[in-house]
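# Fold and geometry: a report
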Amino acid sequence: AAIVAEPRRPLGELELLPPAERQRLLVDFNPPSSQPMPDTLPAWFAREARARPDAIALRSDGASRTFAELDAAANRLANVLRARGVTRERVVAVALDRGFAWAEAMLAVMKAGGIYLPIDPALPRARVATMLQDSGAVLVLTSRALRAVMADLVNLLVWEDVTAELKVAAATAPDEGPAPEDGAYLIYTSGSTGQPKGVLVEHRGIVNTIQDQIRRLELSPADRLLQFASVSFDASLFETWNAWLSGAALVIAPPAARSDPAAFLALLRDERVTVAVLPPSFVRSLGRVELPLRMLFTAGEAADLEDARHYASRLTYVNGYGPTEASICSTALVV
């Protein structure tokens, strides 16, 4: 139509897109960018702890930790780690079952300036050995129950053996914590295309992601987020830090709730969980039951279209995607 209307007009000057499509591609898909906060995870957490010290930060097995309690406990452990030689950007592996100790350890490694390397205790020993050797981890924080799994792999720090030190350690954060450009955590890919590789994510990368998700998902201190994903999967960091940095509580799902739909639903009800991040295959196993959530976020696999339609008509449904290298989440569609 444009050519017929203006046959002498150069082709390079013709508009190829209808107005609506041009608006969609150039404007709607490209909102104004926002500058990421030059921040680190432990610094942001410390501010939340000062702002709402008595608010619940963590729920596990029916017990709670407030932001102030978790912050102080992590500070004590961070000072113990410093005494063991952990400094900025030294890799520290955490091989603990999920619970209060695991949460304190993750936060403490970062407060000490170290790079958090999560080790799922259920992983094969050969994979654990590969991760520890490749990462150059200076220390593995583990428990007596898991010590045998980690034996002879690297320098161990057994949780139960530092109880006395933790009682007398300073409850204030160590000096010279991490900088925004420092590594925050090291995640190893599944290795589906060959040898697993470690992906190092900087504090500024994940802070930018969490800052965006808190705004986009409208997370607030009134929420309770479920911790469902394996610690070896970066979705666990997505769950954890979206909760803590929005002032919300993180609810750790026990093993039964991660495999049994009935136990899972009971946990959601009993703990008043409002937001859950789940793989579509697990959602499918629920049989489209009514979920007592305000938001369901699916990721990690291709979404099931019929499940998506079912839940989108009942609650806020979000489908996300992102490679580990891009600080967890790159795209998210909120329905």
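In case you missed it, the structure is sitting above this.
Here the residue numbers are simple positions, counted from 1 along each chain's written sequence. This being a predicted model, a pLDDT of at least 70 is required before a residue's local features are given, and a value of 80 or more before pairs of side-chain atoms are given or counted; all residues contribute to the totals for chains, interfaces and linings. For side-chain calculations, the full set of non-hydrogen atoms in the structure is used, while hydrogens and water are omitted.

### Let's talk about the packing of helix 3 (residues 41–51) against helix 10 (residues 235–245)
Where we set the bar: All axes here are fitted lines through C-alpha atoms, helices being fitted over the stretch that makes contact, and every angle between N-to-C directions spans 0 to 180 degrees. By the criteria applied, helices consist of DSSP H or I runs no shorter than four residues and strands consist of E runs no shorter than two, each listed in order from the N terminus. With respect to orientation, any angle under 35 degrees is reported as roughly parallel, any angle over 145 as roughly antiparallel, any angle of 65 to 115 as roughly perpendicular, and every other angle as oblique. We call two residues in contact when some of their heavy atoms are within 4.5 Å.
Following both chains from N to C, one finds helix 3 and helix 10 inclined at 40 degrees, their axes separated by 9 Å at the closest point. In terms of axis orientation, helix 3 runs oblique to helix 10. Contacts between helix 3 and helix 10 involve Leu 41, Trp 44, Phe 45 and Glu 48 on the former and, on the latter, Trp 241, Trp 244 and Leu 245.

### Thoughts on the pattern of salt bridges
Counted only if it meets this: Salt bridge, as applied in this entry: a Lys or Arg side-chain nitrogen positioned within 4 Å of an Asp or Glu carboxyl oxygen. Only protein chains enter the accessibility calculation, which uses a 1.4 Å probe. A residue is then buried if its area is under 20% of the maximum for its type, exposed if over 50%, and partly exposed in between.
Summed over the entire model, instances satisfying the criterion amount to 21 salt bridges. Asp 71 is paired through a salt bridge with Lys 111; the nearest N and O atoms lie 2.7 Å apart. Note that Asp 71 is positioned in helix 4 (residues 67–83) and Lys 111 in helix 5 (residues 100–111), a separation of 40 residues in sequence. Across this residue pair, the class does not change: Asp 71 and Lys 111 are buried. For Arg 215, the salt bridge goes to Asp 212, with nearest N and O atoms at 2.6 Å. A residue pair is termed a helical-turn pair when its members lie 3 or 4 positions apart in one helix, as Arg 215 and Asp 212 do in helix 9 (residues 203–216) at three residues. Asp 212 gets classed as partly exposed once you look at its relative accessible area, which sits at 21%. Each of Glu 6, Arg 9 and Glu 13 takes part in a single network of salt bridges with overlapping partners.

### Notes on unusual backbone geometry
Despite not being glycine, Arg 272 has its phi angle at roughly 55 degrees, a positive value. Of note, Arg 272 is situated in the loop between helix 11 (261–271) and strand 11 (275–278). Positive phi outside glycine occurs at Ser 327, with the angle close to 60 degrees. Relative to the helices and strands, Ser 327 resides in the loop between strand 13 (316–321) and strand 14 (331–334).

### Re the packing of aromatic side chains
Defined as follows: Here the aromatic set is Phe, Tyr and Trp, taking the six-membered ring for Trp, and pairing holds for ring centres within 6.5 Å; pairs whose planes are under 30 degrees apart are stacked, those over 60 apart are edge-to-face, and all others are tilted. A ring is considered to have a charge above it if a Lys NZ or an Arg CZ atom is located within 6 Å of its centre and within 35 degrees of its normal.
One pass over the structure, following the stated rule, counts seven aromatic pairs. Arranged with centres 5.3 Å apart and planes meeting at 70 degrees, the rings of Phe 45 and Trp 244 form a pair that is edge-to-face. Within this pair, whereas Phe 45 is found in helix 3, its partner Trp 244 is found in helix 10, the two being separated by 199 residues in sequence. By relative accessible area, Trp 244 is classed as buried at 0%. Their ring planes at 55 degrees and their centres at 4.8 Å tell us that Phe 228 and Phe 282 sit as a pair that is tilted. Note that Phe 228 is positioned in the loop between strand 9 (224–227) and helix 10 and Phe 282 in helix 12 (residues 280–285), a separation of 54 residues in sequence. As far as burial versus exposure is concerned, Phe 228 and Phe 282 are alike and both buried. Counting every residue linked through ring pairs, the aromatic cluster contains Phe 45, Phe 67, Trp 241 and Trp 244. A cation sits over an aromatic face here: Arg 65 above Phe 100, 3.8 Å from the ring centre.

### Description of the side chain of Asp 120
Cut-off, in case you're wondering: Residues adjacent in sequence count toward polar contacts only when both atoms are side-chain atoms; beyond that, a polar contact is any pair of N or O atoms within 3.5 Å, and within protein one must be able to donate a hydrogen and the other to accept it.
Mapped onto the elements, Asp 120 comes out in the loop between strand 4 (115–118) and helix 6 (125–135). Within the structure, Asp 120 has its side chain in polar contact with the backbone nitrogen of Ala 122 (distance 2.9 Å). Discounting chain neighbours no more than four positions away, the residues touching Asp 120 are Ser 230, Val 231 and Ser 232.

### What about the pairing of strand 3 (residues 91–95)?
If a strand is regular, its side chains alternate between the two faces of the sheet. Cut-off, in case you're wondering: Here, strands pair whenever DSSP counts at least two bridges between them. A clockwise course of the path from the first strand over the helix to the second, judged with the strands pointing away from the viewer, identifies a crossover as right-handed.
The element strand 3 is largely enclosed, with a buried count of five among its five residues. Of the two faces of strand 3, the one holding Val 91, Ala 93 and Ala 95 and the one holding Val 92 and Val 94 are both buried throughout. As judged from the four bridges shared by strand 3 and strand 4, these two strands associate in the parallel manner. In the strand pairing of strand 4, Ala 93 is matched with Leu 117. The handedness of the strand 3 to strand 4 crossover, carried by helix 5, is right-handed.

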